[in-house]
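Residues per chain are reported as follows:
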Amino acid sequence: MVYKPKRKLTVNVASGLKRLRLPAFLVTFTSAVFLLPVILFAGDNGPCYECHTKQDKLKVTEKAKVDPVTGEIKVASMLIDEAIYKASAHGGEDFFCIDCHQDLDGADLTEGHKSNLKPVDCITFCHDDPAEDYLQSSHVKLMKENNKDVPTCKDCHSGLSYHYTSLGEKSPRDVPKGVDPLHRKLTIEACGSCHQDHLESYRNNAHGQVTSLGHTTTDVPVCFDCHGKHKILNSSNPESKVGKERIIETCGNCHANANASFVKHVEHPQIKNVNYYKTLLAAIKNARNNPDNLKKVIKNPQTILCIVFVMYVGILAFTFSSFGLHSLLCWFAVVRDERKRKGHTDEEQH
Amino acid sequence: MKSNINYLRFSFFHRFCHFLIIISFFGLVLTGVPLAFRSYDWARWLYALFGGYPTAGYIHRICALITFFSAFMHFVYLFYNISVKKKKGFFWGPNSLLIQPRDIFDIIADIKWFMGIGKKPDFDRWIYWEKFEYLSLMWGTLVMAVTGLILWFPVQFTKIIPVSVATIVDLPSIALIIHRYEAILAAGFIFTIHFFHTHLLPEKMPVDEAIFTGRITEEEFKHERLNQFKRLENQRQLDNYKVAPSSLFVSFLTRLFAVPILITGLIMVGLMFSALLVWAL
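Residues numbered from 1 in each chain as written. Chains lettered and ligands numbered in written order. Predicted model: local features only at pLDDT ≥ 70, side-chain atom pairs only at ≥ 80, totals over all residues.

With that settled, the discussion passes to the overall build of chain B. Within chain B, the regular secondary structure consists of 12 helices and three strands. Taken across its 281 residues, chain B has 28% of its residues classed as buried. Put simply, 75% of the contacts in chain B that link residues at least 6 apart link residues at least 24 apart. (Helix = DSSP H or I, 4+ residues; strand = E, 2+ residues; numbered from the N terminus. Buried ≥ 20, exposed ≤ 12 C-beta atoms within 10 Å, placed from the backbone. Contact = placed C-beta atoms within 7 Å.)

This is how it looks when you write it as structure tokens:
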């Protein structure tokens, strides 16, 4: 899905009207009527760049912000790198600073604008669909259950940004595009920072080993290609992209003619996960008390993978230790024989 | 000094097959091993050197097809000689590459020689470890071909197994694990055991030219395979194998081709071994 921001001011107005957001409409209307040359107007980023690209022209160059997820205090730069901004998801031709910073619409710039702007509202006019999806996701549900603050758009999307301002700080305005390889690579690490086991098992799979080598364009899936972007749901949920109702469609996005057997593929093999081996052994130990559990473990496709893996580790260890020893001994024996022969020929010469 | 009396040990067909296997094997290893050692910088560098994804994958598949072709040629050769020309000795006797009772005694004699309590045993045409290398090449090629094809066509291969089986036996994942570790086994084996047993022995260093020129000198023949030499002498067939010695130029070409390849293999196995050390420490 591509989220096209409703770009034009008129569109903003129209959607505002549609949602019966009269105050918003009135503000834009009146500002449009009382146009003055020094006043900010949609359609030009020039006046913003005038100051925000030069450090000496700004009264305040950086501000402290508290991260609602981690509680960290971050320093946000007020400087803009125009090229980086242009390359970002928001850097389109007809997209302007005040489309987001709407409280600056019509601001008088002769003395500089007011210092504390309202937090940008990503949802109301543009990204209402992903926001709605996100609020239904398993992540939000869990956080609400545990009385935790739900992260907002900018908490993730700026954190994933690889665009740094000249002061080295990440900024929400530089949200990269979804197809950007580096962005896709960083999302793997971002998901993996919590889901470490899943990251490791993904790295052991065919898809993960290619992305590990640094190839992260859209022809190899990263986490969100299979699990979804905003509406990440547990596989038991019928709407989940990896649940049994939709998995054929999800795999079929890349593998044409994906069939019911194909989608049984284990995307997260546990072959290097010590804990899985522990559960295996525990199930075998408790086989008498709990035979159903053992059956369940045996029917798990991970079990065969683990057996094959352990078998191969054994074969490797045996082959290299025995044949390595054989080669070494052979080598030494040849050297010994040659030395003996030389000794003999030397004696004969004397 | 090279002796003037030379014997033909490998026919052109066998030399050509070995050449094809070298080319395809190195192509497969250089484009495949980075995937197994994905978290190391050298693996990324090597993968990028071969064009990265998906180019390195295409090179890998082309090399796989070359391997299939040489395996196919080998079996056509066997079929032609056994069924059409009715040649004997492919399954039994000194010319066979299958394990014979004699090999058990050879192994024991060889171990005695290693310990210094016996002299170097006299071998026939194929030494037991050469037989093992041949058989493991056959087995390894089969395993790698089957699992490689499953990974190449995962959708088509899973289509033939019912869903109830697929929930327990995940064919592509099993194929991936086998393909990865069989590859490490094969690459490690060729670059250490095969290299040190044939090419990098003190008496052969740096390369055993026999597999490239097909020729061995009389001294080498007597030293390595005295039984075969005596057998041929008794059967009065020795003269049939006599050939002119290879020219210096051919010898130079052989080294020009083989030495860089040997070094590449040794570097690869060194990197793989260092990865093992990093993982273990």
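Additional details are given in the paragraphs that follow.
To continue, consider the overall build of chain A. If you tally the helices and strands in chain A, you get 16 helices and two strands. Each of the 350 residues in chain A was classed as buried or not, and the buried ones make up 21%. For chain A, the proportion of contacts with a sequence separation of at least 24, taken over those separated by at least 6, is 55%.

Further remarks concern the interface of chain A and chain B. Often the size quoted for an interface is simply the accessible area lost on bringing the parts together. Of the residues lining the interface, 43 residues belong to chain A; the matching set on chain B comes to 43 residues. Every element with two or more residues in the side of chain A that touches chain B is listed here: α11 (206-212) and α16 (301-349) of chain A. Ranked by residues supplied to the side of chain A that touches chain B, first place goes to α16 of chain A with 21 residues.

On to the packing of helix α3 (residues 52-84) of chain B against helix α5 (residues 128-152) of chain B, then. All names here are of chain B. The N-to-C vectors of α3 and α5 enclose an angle of 140°; their axes lie 11 Å apart at closest approach. Taken together, the axes of α3 and α5 lie oblique to each other. The two elements α3 and α5 meet at a crossing, and its hand is left-handed. Side by side, α3 and α5 meet where R61, A64, T67, F68 and A71 of the first sit next to T141, A145, G148 and W152 of the second. Residue composition of the contact of α3 with α5, grouped by class: five nonpolar, three polar and one charged. (Axes fitted to C-alpha atoms, helices over the stretch in contact; angles between N-to-C directions. Parallel < 35°, antiparallel > 145°, perpendicular 65-115°, else oblique. Left-handed = near helix turned anticlockwise from the far one by under 90°. Nonpolar A, V, L, I, M, F, W, Y, C, P; charged D, E, K, R; others polar.)

Residues and elements named next belong to chain A. Where helix α14 (residues 274-285) meets helix α15 (residues 291-299), the closest approach of the two axes is 8 Å, and the angle between their N-to-C directions is 140°. When the axis of α14 is compared with that of α15, the two are oblique. The element α14 and its partner α15 pack so that their crossing is left-handed. Contact residues: T279, L280, A283 and I284 in α14; N293, L294 and V297 in α15. In terms of residue class, the contact of α14 with α15 is built from five nonpolar, two polar and no charged.

Before going further, it helps to spend a moment on the sheet that holds strand β1 (residues 6-8) of chain B. All names here are of chain B. On the basis of which strands lie adjacent, the open sheet formed by three strands has the order β2-β1-β3 and antiparallel pairing. Only two strands of the sheet have a single partner each, and these edge strands are β2 (215-217) and β3 (242-243). Sheet analysis places β1 next to β3, joined by two bridges and oriented antiparallel. Note that in β3 the partner of Y7 across the bridge is K242. (Pairing = 2+ DSSP bridges.)

Now for the confidence of the model for chain B. For chain B, the mean per-residue pLDDT works out to 90, and 99% of the residues sit at or above 70. Two summary scores accompany this predicted model of the complex, namely pTM at 0.81 and ipTM at 0.90. (pLDDT = per-residue confidence, 0-100.)

Now for unusual backbone geometry. Only a minority of non-glycine residues have a phi that is not negative, and only a minority of peptide bonds are not trans. Between Y53 of chain B and P54 of chain B the backbone carries a cis peptide bond, its omega angle lying at 0°. With respect to the helices, strands and loops of the structure, P54 of chain B is situated in helix α3. Backbone geometry places N257 of chain A, a non-glycine residue, at a positive phi of 65°. Looking at where N257 of chain A falls in the secondary structure, it is placed in the loop between α13 (247-252) and α14. Backbone geometry at K86 of chain B places phi at a positive 55°, although glycine is not the residue there.

Turning our eyes to something else, we now look at the environment of H268 of chain A. Residues and elements named next belong to chain A. Position of H268 among the secondary structure elements: in the loop between α13 and α14. On the neighbour-count criterion, H268 (18 C-beta atoms within 10 Å) is partly exposed. Separated by 60 residues in sequence, H268 and G208 place their C-alpha atoms 9.4 Å apart. Each residue touching H268, except ones within four places of it in the same chain, is listed here: H198, S201 and Y202.

Right, let's get into the nonpolar core. Residue and element names in this part refer to chain B. Grouped together as the largest cluster of nonpolar side chains are 30 residues, with contacts concentrated most on V29, V33, A187, I190 and M268. Among the secondary structure elements, those contributing two or more residues to this core are α1 (12-36), α2 (41-49), α3, α8 (171-199) and α12 (248-280). When sequence neighbours within four positions are dropped, the list of residues in contact with V29 reads A187 and M268. (Core = buried A, V, L, I, M, F, W, Y, C linked by C-beta atoms within 7 Å.)

With that out of the way, let us pick up the confidence of the model for chain A. When pLDDT is averaged along chain A, the result is 78, and 78% of the positions lie at 70 or above. The model gives residues 1-17 of chain A a pLDDT under 50, and that stretch makes 24 contacts with residues more than four places away or in other chains.

Moving on to α8 of chain B. Where α8 of chain B bends most, the angle comes to about 35°, and this point is F189 of chain B. In terms of burial, α8 of chain B is a largely internal element, 23 of the 29 residues being buried. (Bend = angle between axes of the 7 residues up to and from the residue.)

What follows deals with the environment of A183 of chain B. Residues and elements named next belong to chain B. Examined against the element boundaries, A183 turns out to sit in helix α8. You can call A183 buried: it has 21 C-beta atoms within 10 Å. The sequence separation of A183 and Q228 amounts to 45 residues, and the corresponding C-alpha distance is 34 Å. In this view, A183 contacts G32, A36 and M144; residues no more than four positions away in its chain are not counted.

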